[in-house]
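As a plain string of letters, each chain reads:
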Amino acid sequence: MRVARHSSRPSWAGILALALVGPMAVGAIDLEIDNDDSLRKAAKDVAKNMMTYYTGMNPGDNPGNLPDPYYWWEAGAMFNALIDYWFYTGDDTWNDITIQGMLWQAGDNMAFMPSNQSKTEGNDDQAFWGFAAMSAAERNFPNPPDGKPQWLEMAQAVFNTQAARWDMSSCGGGLRWQIFTWNNGYNYKNTISTGGFFNLAARLAKYTNNQTYHDWAEKAWDWTADVGFMTDDYRFWDGASDLTGCKELNRIEWTYNNGVYLLGAAHMYNLTEDAKWKNRVQKILDASSIFFAKNPNNVMFERACETVDTCKVDQRSFKGYLARWMAATTQIAPFTYDQVMPKLKATAQAAAKTCTGGDHHTTCGMKWTDQKWDHTKDFGQQMATLEVIQSCMITRVAPPVTHENGGTSKGNPNAGGKPPEPKPKELDYDITTADRAGAGILTALMMITIGGSAGWMIWD
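These figures come from a predicted structure and were not determined experimentally. (Residues numbered from 1 in each chain as written. Predicted model: local features only at pLDDT ≥ 70, side-chain atom pairs only at ≥ 80, totals over all residues. Heavy atoms only, no water.)

Draft legend 1. The overall build of the chain, seen in detail. When helices and strands are tallied, the chain shows 14 helices and five strands. Expressed as a percentage of contacts within the chain between residues at least 6 apart in sequence, the contacts between residues at least 24 apart total 70%. Summed over all atoms, the accessible surface of the chain reaches about 19800 Å², with 52% contributed by carbon and sulfur. (Helix = DSSP H or I, 4+ residues; strand = E, 2+ residues; numbered from the N terminus. Contact = heavy atoms within 4.5 Å. Areas by Shrake-Rupley, 256 points an atom, 1.4 Å probe, with all protein chains shown as cover.)

In structure tokens, the structure reads:
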């Protein structure tokens, strides 16, 4: 059958209309926030884009590593996001490379201290890999083969190595930012390192019902409050140098510090049913309001750097962890649900609207409050968008399992006990007084750098 053919010559009106609607016609992530299929499709589209950055599965590459300029710890965070992605969606596309990468990076003592990271690894870096292992145990992610390190075992190994580093030589305790004396930042005690240890201890306490983890979680919380890294109204500063006795506080506030303590406190409340922990959860959640805009309402932003365009590579992913841990908190402390979910839903919708970049129109921007692509692309901000979108599926999945309630991962309370890896040869020399003084100068310079990128927050 013949059909009538319209003229192929466009009208000027048509050209003008295309010009006007062109940017809107670009295929942004189409997200219906209460539709399961829409959430799953949006999560997959964003995840596929995120995984274009990862090359660790390629022949000749290192499993578990991201290419420059991205940091080793961000790969651990990525695997945690993929574990949650599988749990939320049922899609096992990236399960094999997750297992491969985590086993590869676990290292000889199963504590995520591979020798290739000894020049840069910090306690906070190690903690993010520990979070991924802990999430795998809590979500009954497919277990590694027999004879390989197991998820719970790896989380326990991270805990054990960090508990051994609890440092009473200055500031009354806490964890240093860096593990090794030769690394810049060794003299800095920061909130995310001790907060990561607290978070992991609280989750292990809930999973195993072992009092040792409970006691360490209490100790880490108390130290954070006593040293002043957490204020009376439950806001979290970044940290302080132990060269000043932790007296000169760096008052920058990051989303992930709030989140890491929120989820740990929620686990302690769930475990103990103690009113003090319920109050702490509520107060942290209330304090998190500083990270959510009024216009557009309830949309998350990284206030220390985002509004002044100074967010560095790792900082571009921080919002995702607050979203991840807020969602998880609603399962562990259900009284938070009505306060959390409107924020996550509003943020997910705004974040999805930024995903119009790239060849497939799935590249997401940094500034979710703009609700449009800002012509930037970055692994961290892609991962953060995935985190907040998939967090909106939290009501569709079961709560975390424990050893007594369906958990299948095998543990080892003595894991991580092997000696640490030797120093790299180029660093095999004694640390002198001059070296320590130099480290102090570098720490001071580091503080100036941090202040330069976000110091305006100190006086807020």
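Draft legend 2. Representation of the state of the cysteines in the model. Across all of its chains, the model carries three disulfides by this definition. Residue pairing for C305: its cysteine sulfur links by disulfide to C311, the two sulfurs lying 2.0 Å apart. Taking the torsion about the S-S bond as the criterion, the C305 to C311 disulfide, at about 90 degrees, is right-handed. With respect to class, C305 is no different from C311; both count as buried. Residue pairing for C355: its cysteine sulfur links by disulfide to C364, the two sulfurs lying 2.0 Å apart. (Disulfide = S-S within 2.5 Å. Buried < 20%, exposed > 50% of the residue type's maximum accessible area, 1.4 Å probe, protein only.)

Draft legend 3. Structural context of the side chain of D238. In this fold, D238 is placed in the loop between α8 (211–227) and β2 (239–241). Within the buried core, D238 has no salt-bridge partner, and the shortest N-O distance to an opposite charge, that of R251, equals 12 Å. Ignoring anything within four residues of it in the chain, the contact list for D238 reads Y188, N190, T191, N250, I252, W254 and N257. (Lys, Arg positive; Asp, Glu negative; His and termini not counted. Salt bridge = Lys/Arg side-chain N within 4 Å of Asp/Glu carboxyl O.)

Draft legend 4. Highlighting the nonpolar core. Counting residues in hydrophobic clusters, the biggest one holds 133 residues, and the most contacted among them are M78 and I389. Here this core gets twelve residues from one element, more than from any other, and that element is helix α3 (residues 72–89). Discounting residues that sit within four places of it in the chain, M78 has contacts with M50, M51, Y54, L66, F379 and M383. (Core = buried A, V, L, I, M, F, W, Y, C linked by side-chain atoms within 4.5 Å.)

Draft legend 5. Molecular detail of helix α13 (residues 379–391). Counted at 1.5 Å a residue, the expected span for α13 with its 13 residues is 18 Å, and the 18 Å between its end C-alpha atoms agrees. Among the 13 residues in α13, 13 count as buried, and that is most of the element. Among the residues of α13, the N-terminal cap falls to D378, whose side-chain oxygen and the backbone nitrogen of G380 are separated by 2.7 Å. (Expected span 1.5 Å × (residues − 1). Polar contact = N/O pair within 3.5 Å; in protein donor to acceptor, adjacent residues only side chain to side chain.)

Draft legend 6. Quick peek at the pairing of strand β5 (residues 297–300). Examined bridge by bridge, strand β4 (residues 292–294) and β5 share two bridges and lie antiparallel to one another. Bridging across to β5, K294 finds its partner in N297. Between β4 and β5, which pair antiparallel in sequence order, lie two residues. (Pairing = 2+ DSSP bridges.)

Draft legend 7. Here's a closer look at the sheet that holds strand β3 (residues 249–250). Spatially, the three strands line up as an open sheet ordered β1-β2-β3, and their pairing is antiparallel. Across the chains shown, the open sheet's two edge strands, defined by having one partner strand only, are β1 (188–190) and β3. Bridging between β2 and β3 involves two bridges; their strand directions are antiparallel. Bridge pairing in β3 links G239 to N250.

Draft legend 8. Structural view of the environment of A240. Tracing the sequence through the fold places A240 in strand β2. Here the alpha-carbon distance between A240 and F229, two residues eleven residues apart in the chain, equals 8.3 Å. If we ignore the near neighbours within four places in the chain, the residues touching A240 are N187, Y188, K189, F229, C246, E248 and L249.

Draft legend 9. Seen up close, the packing of aromatic side chains. As enumerated under the stated definition, the model contains 39 aromatic pairs in all. Site record: aromatic cluster; members linked through ring pairs are W73, F128, F131, W254, Y256, F318, Y321 and W325. Between the NZ or CZ atom of R176 and the centre of the ring of Y186, over which it lies, the distance is 4.3 Å. A cation over a ring is seen here: K343 above F292, with NZ or CZ 5.7 Å from the ring centre. (Phe/Tyr/Trp six-rings, centres within 6.5 Å; stacked < 30°, edge-to-face > 60°. Lys NZ or Arg CZ within 6 Å of the ring centre and 35° of its normal.)

Draft legend 10. Molecular detail of the pattern of salt bridges. One pass over the full model with this rule turns up 16 salt bridges. Here D36 and R396 are joined by a salt bridge, their closest N and O atoms 2.4 Å apart. Of this pair, D36 sits in helix α2 (residues 36–50) while R396 is found in the loop between α13 and α14 (433–454), placing the two residues 360 residues apart along the sequence. In this structure D36 comes out as partly exposed when scored by relative accessible area, which is 29%. Given the relative accessible area of 33%, R396 is considered partly exposed. Salt-bridge contacts for E253 lead to R303; the nearest nitrogen and oxygen are separated by 3.2 Å. Linking E253 in the loop between β3 and α9 (255–272) with R303 in the loop between β5 and α11 (318–332), this pair joins segments that are 50 residues apart in sequence. Each member of the salt-bridge network shares a partner with another, and the members are D167, R176, K189 and D242.

Draft legend 11. Spatial organisation of the packing of helix α5 (residues 123–138) against helix α7 (residues 191–208). Packing of α5 against α7 leaves a shortest axis separation of 9 Å and a crossing angle of 20 degrees. For the element pair α5 / α7, the angle class is roughly parallel. Between α5 and α7 the crossing geometry is left-handed. Across from N123, D124, A127, F128, G130, F131, M134, S135, A137 and E138 in α5, the residues of α7 making contact are I192, S193, G196, N199, L200, R203, L204 and Y207. Split by residue class, the contact of α5 with α7 holds nine nonpolar, six polar and three charged. (Axes fitted to C-alpha atoms, helices over the stretch in contact; angles between N-to-C directions. Parallel < 35°, antiparallel > 145°, perpendicular 65-115°, else oblique. Left-handed = near helix turned anticlockwise from the far one by under 90°. Nonpolar A, V, L, I, M, F, W, Y, C, P; charged D, E, K, R; others polar.)

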